[in-house]
Amino acid sequence: MSQVEELEIELVQGEDFSAQIYWTDEDGNAMPCTTPGRLEVRDMYGAMLLQFASENAGSVATKAALVITGSDGIMQISAPRSVTTPLVPGRYLFDLFAVANNGVSPFTTQEVQVCSGWFIVSTRVTKMEVAPV
Amino acid sequence: MSAPSTVRLRTGGVLQVRTGVLKGAGPIGPTGPSVTGPTGPIGPTGPAGSVGDATGQALLTTSLAITAAGSPAVCTFDTNVATGTSPNPLNWATNHFDFNVTQTGAYALAVQATFASGTGATGRRRIGLYQGTSTTPTFFADIPANPNGPTVVSFAVNTHADAATLWRVRASTDGSNDTVTGVQFNLARLGIGTAGPTGPTGATGGAGPTGPTGPVGATGSAGGGYATYNALMTSGTSDTNPADGTTTADQGAPVPLGTGKPSTVYWLTALAQWVERRIVARFTDTADRSSKRSSRGEGELTWLNNTNSLWVYDGATDQAVAQLVVSTATPGAGTYPPGTIYVQV
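As the structure is a prediction and not an experimental result, all values here were calculated from the model.

Observations concerning the overall build of chain A
Counting its secondary structure elements, chain A contains one helix and eight strands. The buried share of chain A, taken over its 133 residues, is 43%. Across chain A, the fraction of contacts at a sequence separation of at least 24, relative to all contacts at a separation of at least 6, is 61%. Here chain A displays about 6,800 Å² of accessible surface, and carbon together with sulfur accounts for 54% of that area.

Observations regarding the nonpolar core
Judged by nonpolar contacts, the single largest core of 34 residues is most densely connected at Trp23(A), Leu50(A), Phe52(A) and Phe119(A). Leu64(B), Ala73(B), Val111(B) and Leu187(B) belong to the second-largest nonpolar core, a separate cluster that totals 29 residues.

What about the pairing of strand S1 (residues 5-12) of chain A?
Taking burial as the measure, the eight residues of S1(A) include six buried ones, the bulk of the element. Where S1(A) meets strand S1 (residues 5-9) of chain B, five bridges bridge the pair, whose relative direction is parallel. If you follow Glu8(A) over to S1(B), its bridge partner there is Arg8(B). When S1(A) meets strand S8 (residues 110-122) of chain A, the two strands line up parallel, connected through six bridges. When the bridges of S8(A) are listed, Leu7(A) appears paired with Gly117(A).

Structural notes on the pattern of salt bridges
Two side chains that carry opposite charge are able to pair once their charged atoms sit near each other. Enumeration according to the criterion identifies 16 salt bridges over all chains in this entry. With a closest N to O distance of 2.9 Å, Glu40(A) and Arg42(A) form a salt bridge. One salt bridge in this structure joins Arg126(B) and Asp142(B), with 3.7 Å as the shortest N-O distance. Highlighted residues: Arg126(B) in strand S9 (residues 124-131) and Asp142(B) in strand S10 (residues 139-144), separated in sequence by 16 residues. The exposure class of Arg126(B) is partly exposed, given its relative accessible area of 25%.

A word on a nonpolar patch on the surface
All names here are of chain B. A cluster of nonpolar residues, Leu324, Val326, Ile341, Val343 and Val345, forms a patch on the protein surface that exposes about 460 Å² of accessible area. The topology assignment puts Val326 in strand S20 (residues 323-327). Residue class for Val326 comes out exposed when judged on its relative accessible area of 54%.

Remarks on the environment of Gly245(B)
Residues and elements named next belong to chain B. Relative to the helices and strands, Gly245 resides in strand S14 (residues 245-247). For Gly245, a relative accessible area of 17% gives the class buried. Sequence separation of Gly245 and Lys261 is 16 residues, and the distance between their C-alpha atoms is 8.8 Å. For Gly245, the residues in contact, after removing those within four places along its chain, are Val255, Pro256, Leu257 and Trp267.

Some points on the confidence of the model for chain A
Averaged over every residue, the pLDDT of chain A is 87; the share at 70 or more is 93%. Per-residue pLDDT, averaged within each element of chain A, yields its smallest value for S1(A) (88) and its largest for strand S4 (residues 48-53) of chain A (93).

Overview of the packing of aromatic side chains
Pairs of aromatic rings are described using the distance from one ring centre to the other and the angle between the two planes. Enumeration according to the criterion identifies six aromatic pairs over all chains in this entry. Seen from their ring centres, Phe99(B) and Phe185(B) are 5.0 Å apart, and the 55 degrees between their planes marks the pair as tilted. One end of the pair, Phe99(B), is in strand S7 (residues 99-101); the other, Phe185(B), is in strand S13 (residues 178-189), with 86 residues separating them in the sequence. Each member of the pair, Phe99(B) as well as Phe185(B), is classed as buried. Relative to Tyr342(B), the ring of Tyr336(B) lies with its centre 5.0 Å away and its plane at 45 degrees, an arrangement referred to as tilted. An aromatic cluster is present here, built from Phe17(A), Phe52(A), Phe94(A) and Phe119(A) joined pairwise through their rings. Between the NZ or CZ atom of Arg126(B) and the centre of the ring of Phe140(B), over which it lies, the distance is 4.2 Å. Above the ring of Tyr130(B), the side-chain terminus of Arg170(B) is found at 5.4 Å from the ring centroid.

Section: unusual backbone geometry
With an omega dihedral of 0 degrees, the bond running from Thr35(A) to Pro36(A) counts as a cis peptide bond. Note that Pro36(A) resides in strand S3 (residues 33-42). For Ser117(B), which is not glycine, the phi dihedral falls at a positive 45 degrees. By the element assignment, Ser117(B) lies in the loop between strand S8 (105-115) and S9.

Thresholds applied
- Residues numbered from 1 in each chain as written.
- Chains lettered and ligands numbered in written order.
- Predicted model: local features only at pLDDT ≥ 70, side-chain atom pairs only at ≥ 80, totals over all residues.
- Heavy atoms only, no water.
- Helix = DSSP H or I, 4+ residues; strand = E, 2+ residues; numbered from the N terminus.
- Buried < 20%, exposed > 50% of the residue type's maximum accessible area, 1.4 Å probe, protein only.
- Contact = heavy atoms within 4.5 Å.
- Areas by Shrake-Rupley, 256 points an atom, 1.4 Å probe, with all protein chains shown as cover.
- Core = buried A, V, L, I, M, F, W, Y, C linked by side-chain atoms within 4.5 Å.
- Pairing = 2+ DSSP bridges.
- Salt bridge = Lys/Arg side-chain N within 4 Å of Asp/Glu carboxyl O.
- Patch = residues over 30% accessible without salt bridge, like charges linked within 9 Å, V, L, I, M, F, W, Y side chains within 5 Å.
- pLDDT = per-residue confidence, 0-100.
- Phe/Tyr/Trp six-rings, centres within 6.5 Å; stacked < 30°, edge-to-face > 60°.
- Lys NZ or Arg CZ within 6 Å of the ring centre and 35° of its normal.

Here is the structure:
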């Protein structure tokens, strides 16, 4: 029986957050993908906490962004500390939707859920002020 | 079935998602108990306050003659005041008998005077503390003179002293002559030193979990509807939004679109205004027609009641529409409207 895995993304209040998700098919080959892509974080009542959007790819210094490198299947999510600082610590849900270029017939481009899981916002302990980037 | 394992992605990390292998999250679990985090520990005790002032001590070593007459004699002290290692609580004036405390506060004061007295001494001997030049003591002690030796008079008092008040020590008798051979004067400040600073605040307890969603609010009251059709004839209903309507392909009659706003009143009005231009409109005379319809479209028909005539607008002027009258009678002059074709048979 296969092992079931759950995904958790952890973000600490006030940090400059950046992580990569590498999307492959069952054989481990990179999944060609394209914009738009979006990763939304919501609480159990559906209220949105945070949104990593490909539309913000040009504003990574000020907004939560999802940068998609299409041919490599790499999706980088990032959020500057100006965005992560006001987040309320807790346990939330997320899922990531993107567009696969090699969609399964009858689709040529197929909008699919890449992954989903828990999104953890942890309380920050250390207090430190750093000049804005 | 084995329990699910968790893959955690943190900042700086990379995760490979293989289609069909990594699963989503399970169902949402029940809300945890509403427990507030424990109160943080009490901060450490602040440092000890500063050490209180040491005793100030003054000595009178020169004999002071007391005569029967006059005010209580003022005791002049040595300038050598023992101060220890802390600030002296006394400020002495240069005259060596006026003094005040350095800081307003509580003080323990002890004064002891020795009178020579001895054989034949009578009456009483007094030592006291006086404010400024007053000859009435604030604190004092007196005892009968000792005929067998020196008379020692002393008193001690704890009092609140103001730094701005000048004091003097005076010695006196009740009328007898005597000699003060020595006065010892001690002053010590009472109370503890200043409090140390407050210790740091303990750590704040963790935040409790989010509470459950509140109940659905009550249904609002129904609206009162519209009082008149005018309320439905707002500017945004149709004509300023062409997407709401269209025209028929045959004659161009205004009609609403199925996707337009449901402004029935507007479309009834628009259609009525359109139809008015396509029927034979009736007017009293040409003046009435010009007043009510200043401009007309080509092909519009109108009827004038004063001449009982039918007119068609050709785009420039109104042309009379011919009316055929067939009769056996002879036509009368001026009886028929413009455009009448009269046929007598």
